[in-house]
Amino acid sequence: MTQWVRTDQDGPDRPGAAAIDAGAELDPVHPVKPPAPRFRPGGLSTAEVAERVARGDVNDVPLRSSRSTADIVRANVFTRFNAIIGVLWVIMLFVAPIQDSLFGFVIVANTGIGILQELRAKKTLDGLAVIGEAKPSVRRDGTTAEVSTSEIVLADVIELGPGDKVVVDGVLGEAEGLEIDESLLTGEADPVLKKPGDPVMSGSFVVAGGGAFTATKVGREAYAVQLAEEAARFTLVHSELRSGISTILKYVTWMMVPTSIGLIISQLVVKGDDLKGAIARTVGGIVPMIPEGLVLLTSVAFAVGVVRLGRKQCLVQELPAIEGLARVDVVCLDKTGTLTEGGMDVTEVRPLGGAEPEYVGKVLGALGESDPRPNASLQAIVDAYPDSADWRCTESLPFSSARKYSGASFSEGDGEHTTWLLGAPDVLLPGGDPALEEIDGLNEQGLRVLLLARSARELDDPAVADGVRPTALVVLEQRLRPDAADTLRYFDDQDVKAKVISGDNAVSVGAVAGKLGLPGAENTVDARHLPAERDAMAEVLDGNAVFGRVTPQQKRDMVGALQSRGHTVAMTGDGVNDVLALKDADIGVSMGSGSEATRAVAQIVLLDNSFATLPSVVAEGRRVIGNITRVATLFLVKTVYSVLLAILVVCSQVEYPFLPRHLTLLSTLTIGVPAFFLALAPNKERARPHFVRRVMRYALPGGAVAAVATFASYLVARAHYTGPDALTSETSAATLTLFLTSLWVLAIIARPYTWWRVALVAAMGGAFLVVLAVPWLQHFFQLRLEGVTMPWIAVAIAAGAAALIEVAFRWVDRRFPA
């Protein structure tokens, strides 16, 4: 093994010996590794910190909660369709009037809107990330203070407690019953007991106990820095909505290429020597094939969702989480910190077996003092019972959610040595013990009961809990969240099944859930009796609502079992025992006051710790998905009719009926403006899967009917009008038919009607009438309806097409239900 030899001459008792750290000078001539950096209990001095910052030995890996400004601009500007439209725009600027180049200005405006909305979302996310950032406790100059993760330097001494995430690599200098979960790094769920001198790796987290370690690797040298970066990154991937749109755009591209080539050739042949006219008509056929605004509106809808949720102190760490939670049909709730508030109160202490109340109080006070970072239950005991000055803790065993108890050994004032355990009565006592009958009655009232028991064994004995002597029952009352009942009622109304999964006693958890009105709260299951086989577990989970005495690994298994039944599962929690389940759930939701580890793996963090925010997130997701499905249908109906019109023109060898200005007008009035309002409108419809199928089942028949009706109107107009200016009249008739048909598609998509939806459709129709009525707009858009007969024929054809689309959409609903 390679080793390093230290070159300085400090002896073990000299000041320099205590300063051996990761920044010490080493002799490269002798490639030998030094012993682990010597731990400095007081930490670095201010001068030493400044020296390390100056030489770059700092944890300079800032977590990004959002994409950079450059990434946002790049993603909105440099797209495949922007490139195509950009080329066509430049061409049209040279060969046609400015009216035929309007589509380019629309794209510039749309892209600008997209960039501004995402920058607004970025500002919101970055601000929330700073609020929710966990700050490790670091010792410097002999005192402990919280510092930002990015301010940690090499050789800093960092304290650890339950729920803390290890943010840099290091070597332990202090450890008191320290158990670290490295599952996020190794995949192994069992916590690892750590002792002084053992390494700790960034990305792991503390399950129980406490300690302190010296940072040996910081910044990008840390083992799991990529994990930390990914935990809070703003992303637009792994979304059914976005992947579905990408799939649609891929097929659109494939259709565009051969259709565009055929259109170019046919127009050059038909127009003969009029090259500019051929190019203008060709571009007029190509541009509407591109659903350019669809991606933009999706990004805008998501960005607006982030801003709306940000106002409610909800940090969305991964953007698709908004969509994901809207698809959830099962939400698993951890009782503590979710249904109940973090604090508890000791309501009663019942001595057992003739124990003296005064002596029990001394034991409880000493147990509270033995844990430097007490959990909520122990904190309530600390508040109720002061420490006895003449008791000395000789060894402690921190609480673990896997064990369900904590403990400590004491040297009492009279010199006697005793070992005490405090934890779940049904874990510490054998079945049938008389004390359990008394406990059941308390649990049924929703009270939390802990057993104080004396052990005859040493604390480090694996069987320390065997044969304990019950000494007292500690009765705790949990504080219910005032908003929990309304939230559970919302999920029930929305057909989302709530499952309460807790490490506490099942009867007690069921009583709490019953007080909050959870459907099925009377069906409680003790997880110790759950079948291990996944299908059998899923069967029990589907039939019950409340589960107690659940271990962290079981929480993870339960999430997997529900997912195996096709459920989309959300998991909420705030403690380290929830991390594995949060990580595996489709959507992980953490409370802002929860442990650093839970916030790191969750996609959504409720910074105000309000469970009542969840309905807002669900509603926001449903708004986004439902509305994007609506507007996607509008965009793709246009794509379908544009492709089919081009094919009909190529096959018929006639001039393409539209110039770019005509289709810019149609797209603006029947898609662009309405889609913007529809995409941001309220929508409580439950999210459904198969986005592509649901959109295309309307787009194909709608686009086909619109194309055939428009082409029929064009052919009738060609036969009706004669003379040198006939093409303008023919185009006007075809434009009227296409507009009315498209307006009817918009009217269908806008259902169910509200006053503003009706007003929106009416306003678009009114705007088109203004264009037809105002002379300078007629000239600008080259639209002129000649005579009376042909315009009414165009309206009649559009009416027939609208009726056919109505029938087709209803048939699709029956034949291909979503």
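Basis of the calculations
- Residues numbered from 1 in each chain as written.
- Predicted model: local features only at pLDDT ≥ 70, side-chain atom pairs only at ≥ 80, totals over all residues.
- Heavy atoms only, no water.
- Buried < 20%, exposed > 50% of the residue type's maximum accessible area, 1.4 Å probe, protein only.
- Helix = DSSP H or I, 4+ residues; strand = E, 2+ residues; numbered from the N terminus.
- Pairing = 2+ DSSP bridges.
- Core = buried A, V, L, I, M, F, W, Y, C linked by side-chain atoms within 4.5 Å.
- Contact = heavy atoms within 4.5 Å.
- pLDDT = per-residue confidence, 0-100.
- Axes fitted to C-alpha atoms, helices over the stretch in contact; angles between N-to-C directions.
- Parallel < 35°, antiparallel > 145°, perpendicular 65-115°, else oblique.
- Nonpolar A, V, L, I, M, F, W, Y, C, P; charged D, E, K, R; others polar.
- Expected span 1.5 Å × (residues − 1).
- Patch = residues over 30% accessible without salt bridge, like charges linked within 9 Å, V, L, I, M, F, W, Y side chains within 5 Å.
- Areas by Shrake-Rupley, 256 points an atom, 1.4 Å probe, with all protein chains shown as cover.
- Salt bridge = Lys/Arg side-chain N within 4 Å of Asp/Glu carboxyl O.
- Lys, Arg positive; Asp, Glu negative; His and termini not counted.
- Charge placed at Lys NZ, Arg CZ, Asp CG, Glu CD.

### Remarks on the pairing of strand β7 (residues 205-217)
Looking along a regular strand, one sees side chains alternate from face to face of the sheet.
Working step 1: The buried fraction of β7 amounts to eleven of the 13 residues, a majority that puts the element mostly inside the structure.
Working step 2: Sheet topology places strand β3 (residues 157-160) next to β7; four bridges connect them, and they run antiparallel. Note on β7: the bridge partner recorded for Glu159 is Ala212.
Working step 3: Pairing of strand β4 (residues 169-181) with β7, which is carried by ten bridges, proceeds in the antiparallel orientation. Directly across from Ala175, in β7, lies its bridge partner Gly211.

### Regarding the nonpolar core
Working step 1: Leu325, Leu518, Ile604, Phe611 and Phe768 are the most contacted members of the largest nonpolar core, which totals 127 residues.
Working step 2: Element by element, the count of residues in this core is highest for helix α21 (residues 614-652), at 16 residues.
Working step 3: In contact with Phe768, other than residues within four places in its own chain, are Leu665, Leu666, Leu669, Thr735, Leu736, Phe739 and Leu783.

### Quick look at the confidence of the model for the protein chain
Working step 1: For the protein chain, the mean per-residue pLDDT works out to 80, and 88% of the residues sit at or above 70.
Working step 2: Looking over the protein chain, one finds the lowest element-wise mean pLDDT in helix α6 (residues 225-231), namely 47, and the highest in helix α25 (residues 755-773), namely 93.
Working step 3: Predicted confidence is poor over residues 1-34, with pLDDT under 50, and the contacts of this stretch with residues over four places away or in other chains come to 51 contacts.

### What about the packing of α21 against helix α22 (residues 660-679)?
Working step 1: Relative orientation of the contacting elements α21 and α22 amounts to 175 degrees, with a least axis distance of 9 Å. On the basis of the axis angle, α21 is roughly antiparallel to α22. Judged by residue contacts, Arg623, Asn627, Val631, Leu634, Phe635 and Lys638 of α21 engage Ser667, Thr670, Ile671, Ala675, Leu678 and Ala679 from α22.
Working step 2: Its residues assigned to classes, the contact of α21 with α22 comprises seven nonpolar, three polar and two charged.

### Side note on helix α8 (residues 275-286)
Working step 1: Under the 1.5 Å per step criterion, the end-to-end length of α8 is 16 Å for twelve residues, consistent within 8% with the ideal 16 Å.
Working step 2: Judged by how many residues are buried, α8 sits mostly within the fold: nine of twelve residues are covered.
Working step 3: Within the span of α8, buried status applies to Gly277, Ala278, Ala280, Arg281, Thr282, Val283, Gly284, Gly285 and Ile286.

### Concerning the packing of helix α10 (residues 320-327) against α21
Working step 1: Orientation of α10 relative to α21, taken along the N-to-C sense of each, is 100 degrees, at an axis distance of 7 Å. Accordingly, the angle class assigned to the pair α10 and α21 is roughly perpendicular. Across the interface between the two elements, Ile322, Glu323, Leu325, Ala326 and Arg327 from α10 touch Leu614, Val617, Val618, Glu620, Gly621, Arg622, Val624 and Ile625 from α21.
Working step 2: The residue inventory of the contact of α10 with α21, partitioned by class, reads eight nonpolar, one polar and four charged.

### Topic: a nonpolar patch on the surface
Working step 1: On the surface, a nonpolar cluster with roughly 620 Å² of combined accessible area is contributed by Val257, Ile261, Ile264, Ile265, Leu268, Val269 and Leu275.
Working step 2: By residue number, the principal contributor to the nonpolar patch is helix α7 (residues 240-271), which donates six residues.
Working step 3: Within the secondary structure, Leu275 is located in helix α8.
Working step 4: Using a relative accessible area of 49% as the deciding quantity, one classes Leu275 as partly exposed.

### Overview of the sheet that holds strand β9 (residues 330-333)
Working step 1: Strand order across the open sheet formed by eight strands is β8-β21-β20-β19-β9-β16-β18-β17, with mixed pairing between neighbours. A single partner strand is all that each edge strand has here, and the edge strands are β8 (314-316) and β17 (524-526). Put simply, the sheet's adjacent strands are angled 20 degrees from each other on average, direction ignored.
Working step 2: One ladder, built from three bridges, connects β17 with strand β18 (residues 546-548); its direction is parallel. Looking at β18, one finds that Val525 is bridged to Phe547.
Working step 3: Taken strand by strand, helix α16 (residues 506-515) contacts β16 (497-501), β17 and β18, and its axis lies near 145 degrees from that of β18.
Working step 4: Packing against the sheet, helix α18 (residues 552-564) makes contact with β9, β16, β18 and β19 (569-573), and its axis sits at approximately 160 degrees to β19.

### Looking at a negative patch on the surface
Working step 1: A contiguous patch of negative charge, built from Glu369, Asp387, Asp390 and Asp414, is present on the exposed surface.
Working step 2: Counting through the fold element by element, Asp390 comes out in the loop between α12 (376-384) and β11 (392-400).
Working step 3: Relative accessible area serves as the criterion here: at 44%, Asp390 is assigned to the partly exposed category.

### Re the environment of Leu451
Working step 1: Within the fold, Leu451 resides in strand β14 (residues 448-455).
Working step 2: Taking the C-alpha atoms as reference points, Leu451 and Leu473, 22 residues apart in sequence, are found 4.8 Å from one another.
Working step 3: With residues near it in sequence (within four places) discarded, Leu451 still touches Leu352, Leu421, Leu422, Gly423, Pro425, Leu428, Leu429, Pro470, Ala472 and Leu473.

### So, the pairing of β14
Working step 1: Of all eight residues making up β14, seven are buried, and the element is well covered by its neighbours.
Working step 2: As paired elements, strand β13 (residues 417-423) and β14 share five bridges and run antiparallel to each other. Bridging from a neighbouring strand, Thr419 pairs with Ser455 of β14.

### Some points on the pattern of salt bridges
Working step 1: Taken as a whole, this structure holds 23 salt bridges when the rule is applied.
Working step 2: In this structure, Arg139 and Glu174 form a salt bridge, with 2.9 Å as the shortest nitrogen-oxygen distance. One end of the pair, Arg139, is in strand β1 (residues 137-140); the other, Glu174, is in strand β4, with 35 residues separating them in the sequence.
Working step 3: Relative accessible area serves as the criterion here: at 12%, Arg139 is assigned to the buried category.
Working step 4: Residue Glu174 is classed as partly exposed on the basis of its relative accessible area of 29%.
Working step 5: A salt bridge links Asp584 to Arg556; the nearest nitrogen and oxygen atoms lie 2.7 Å apart. Of this pair, Asp584 sits in helix α19 (residues 579-584) while Arg556 sits in helix α18, and the two are 28 residues apart along the sequence.
Working step 6: By relative accessible area, which is 28% here, Asp584 ends up partly exposed.
Working step 7: Judged by relative accessible area, which is 17%, Arg556 ranks as buried.
Working step 8: Each of Asp426, Asp526, Arg528 and Arg549 takes part in salt bridges that share partners, so that together they form one network.

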